[in-house]
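The primary structure of each chain is shown beneath.
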Amino acid sequence: MKILVTGGAGFIGGNFVYYILNKYPHDRVVCVDKLTYAGNLETLEGALADPRFVFYKADITNRRAMDGIFAKEKPDAVVNFAAESHVDRSISNPSVFLKTNILGTQVLLEACRKYGTPRYHQVSTDEVYGDLPLDRPDLFFTETTPLHTSSPYSASKASADLLVLAYYRTYGAPVTISRCSNNYGPYHFPEKLIPLMITSALEGRPLPVYGTGANVRDWLYVEDHCAAIDLIVRGGRLGEVYNVGGHNEKTNLEVVQTIVKILGKGEIVYVKDRAGHDLRYAIDPTKIRNELGWEPTVKFDDGIRRTVDWYLTHRAWWEHILSGSYKRYYKKMYGGASK
Ligand code: NAD
Ligand code: DAU
């Protein structure tokens, strides 16, 4: 199988590239990434040395560029990770979220239609369902929970989901969607909660918890998310949405305190809350378990230790991000020319 992965220089896309290359010796991966501030070619260093991997620096909103790549590569499946993904950035600058997350998705759907791509998978998020109250632990998001978004980020992701489903209904496009809860693990950009707290503690900076730290997220180790997407791409029913989550709810404060405990350092400070801050996310993964046999395999206690270890042993990766020098890697590899 030849899989075109968009956003593969980001956190989950990068992990997915390695997941596929390691699990399927005969598969090939074509990666398309614009290398925004969140894209880091250093993440793909190992893959770039593999002859089964090819990288294109390109923007998914660029119709002509996508046409060229689809015409040349003729992928068997497209998995769309490419997105602006940070809620806080969507609050301060929403427009790029609309462009990449909505228009970019539509450009890819059109390319799939034009080139008859047999499979398109949209990597979506549990944030499209809005949030759940803190005092109702019995409530969970299912695939039929109405879309009810809070931030420009989640609104853009929900819009993309609707487009994907519209392409299924109108054109019979062979699509699937996954909506996953919060991921954590290696290669997570250090502006998101867990890597921000780990790297800040290691550098002696304060650990900024929004509000009281009582908001709840449902954490899933990134490899378990990759396994879920792989199962959906190969066996999921067309036109279907699959929720992915690990029944692993923690308050933000619990997460940060766990990191402080593992590292033996870190000073927590309470800062101004995020505007429109979602209270609680919690996924009901019954459908993917029953239909595709997916189960999370990594417990939070193990996953968070592994993650902290990874940041301790890959200091150069995140130090290059904090210093900005990761942006030079592409130039070094390709001399500035797009493939
Ligand atoms: P990320 O921000 O780490 O990576 C996004 C990648 O997309 C980057 O490499 C970036 O360069 C690339 N990109 C951005 N705009 C692009 C464009 N116009 N053209 C081509 N490439 C572009 O994001 P992530 O955390 O890895 O999330 C990946 C996907 O998974 C996103 O669609 C996100 O909505 C979804 N998701 C994330 C989580 C999570 O916890 N991180 C959970 C559920 C779903
Ligand atoms: O639920 C899936 C979503 O998870 C994905 O769709 C998003 O792409 C991904 O970024 C993530 O969104 P969150 O907003 O939940 O993740 P973030 O790491 O930004 O924040 C997690 C929680 O921690 C949230 O309640 C806000 C809080 N927080 C975050 C930061 C960056 C803090 O308290 N302090 C911080 O400095």
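- The protein is annotated in an unreviewed UniProt entry as dTDP-glucose 4,6-dehydratase from Candidatus Borkfalkia avistercoris.
- Entered under Sequence similarities (unreviewed entry) in the UniProt record, the comment concerning the protein runs "Belongs to the NAD(P)-dependent epimerase/dehydratase family. dTDP-glucose dehydratase subfamily."
- Database annotation for the protein, UniProt heading Cofactor (unreviewed entry): "NAD(+)".

Things to note about the site of ligand 1
Part 1 of the reasoning: Near ligand 1 you find 29 residues, and of these Ile 12, Asp 33, Ser 85, Tyr 153 and Lys 157 are the closest.
Part 2 of the reasoning: A distance of 2.7 Å separates an oxygen atom of ligand 1 from a polar side-chain atom of Ser 85.
Part 3 of the reasoning: When the free accessible area of ligand 1 is taken as 840 Å², the share hidden by the protein chains comes to 96%.
Part 4 of the reasoning: Breaking the shell around ligand 1 down by element, the ones donating at least two residues are helix H1 (11-23), strand S5 (120-125) and helix H6 (152-171).
Part 5 of the reasoning: Each residue belonging to the shell around ligand 1 can be placed in one class, and the counts come to 13 nonpolar, eleven polar and five charged.

Concerning the UniProt feature "domain: NAD(P)-binding" (unreviewed entry) in the protein
Part 1 of the reasoning: When the UniProt feature table is mapped onto this chain numbering, "domain: NAD(P)-binding" (unreviewed entry) sits at residues 4-307.
Part 2 of the reasoning: Strand forms 17% of residues 4-307 and helix 42%; the C-alpha atoms that close the span are 27 Å apart.

Looking at the site of ligand 2
Part 1 of the reasoning: Around ligand 2, 23 residues are found, and the nearest of them are Thr 125, Asp 126, Tyr 153, Arg 274 and His 277.
Part 2 of the reasoning: Arg 274 places a polar side-chain atom, nitrogen or oxygen, 2.6 Å from an oxygen atom of ligand 2.
Part 3 of the reasoning: One of the side-chain nitrogen or oxygen atoms of His 277 is found 2.6 Å away from an oxygen atom of ligand 2.
Part 4 of the reasoning: Out of a free accessible area of 690 Å², ligand 2 has 93% covered by protein chains.
Part 5 of the reasoning: Elements represented by at least two residues in the shell around ligand 2 include exactly helix H7 (193-203) and strand S8 (207-210).
Part 6 of the reasoning: Of the residues contributing to the shell around ligand 2, the split by class is ten nonpolar, seven polar and six charged.

Overview of the side chain of Arg 179
Part 1 of the reasoning: When you line up the elements, Arg 179 lands in strand S6 (residues 175-180).
Part 2 of the reasoning: By relative accessible area, which is 4% here, Arg 179 ends up buried.
Part 3 of the reasoning: Within polar-contact distance, the side chain of Arg 179 engages the side chain of Asp 161 at 2.8 Å.

Quick word on the packing of helix H9 (residues 252-263) against helix H11 (residues 300-313)
Part 1 of the reasoning: Relative orientation of the contacting elements H9 and H11 amounts to 55°, with a least axis distance of 11 Å. Between H9 and H11, the interaxial angle falls into the category oblique. Every pair of crossing elements has a handedness; the one defined by H9 and H11 is right-handed. Counted together, Val 255, Thr 258, Ile 259, Ile 262 and Leu 263 of H9 and Phe 300, Ile 304, Arg 305, Val 308 and Leu 312 of H11 form the full contact between these two elements.

Reading the values: rules and limits
- Residues numbered from 1 in each chain as written.
- Chains lettered and ligands numbered in written order.
- Predicted model: local features only at pLDDT ≥ 70, side-chain atom pairs only at ≥ 80, totals over all residues.
- Heavy atoms only, no water.
- UniProt positions renumbered as here; feature names shortened; annotations may be inferred.
- Near = heavy atom within 4 Å.
- Polar contact = N/O pair within 3.5 Å; in protein donor to acceptor, adjacent residues only side chain to side chain.
- Areas by Shrake-Rupley, 256 points an atom, 1.4 Å probe, with all protein chains shown as cover.
- Helix = DSSP H or I, 4+ residues; strand = E, 2+ residues; numbered from the N terminus.
- Nonpolar A, V, L, I, M, F, W, Y, C, P; charged D, E, K, R; others polar.
- Buried < 20%, exposed > 50% of the residue type's maximum accessible area, 1.4 Å probe, protein only.
- Axes fitted to C-alpha atoms, helices over the stretch in contact; angles between N-to-C directions.
- Parallel < 35°, antiparallel > 145°, perpendicular 65-115°, else oblique.
- Left-handed = near helix turned anticlockwise from the far one by under 90°.
- Contact = heavy atoms within 4.5 Å.

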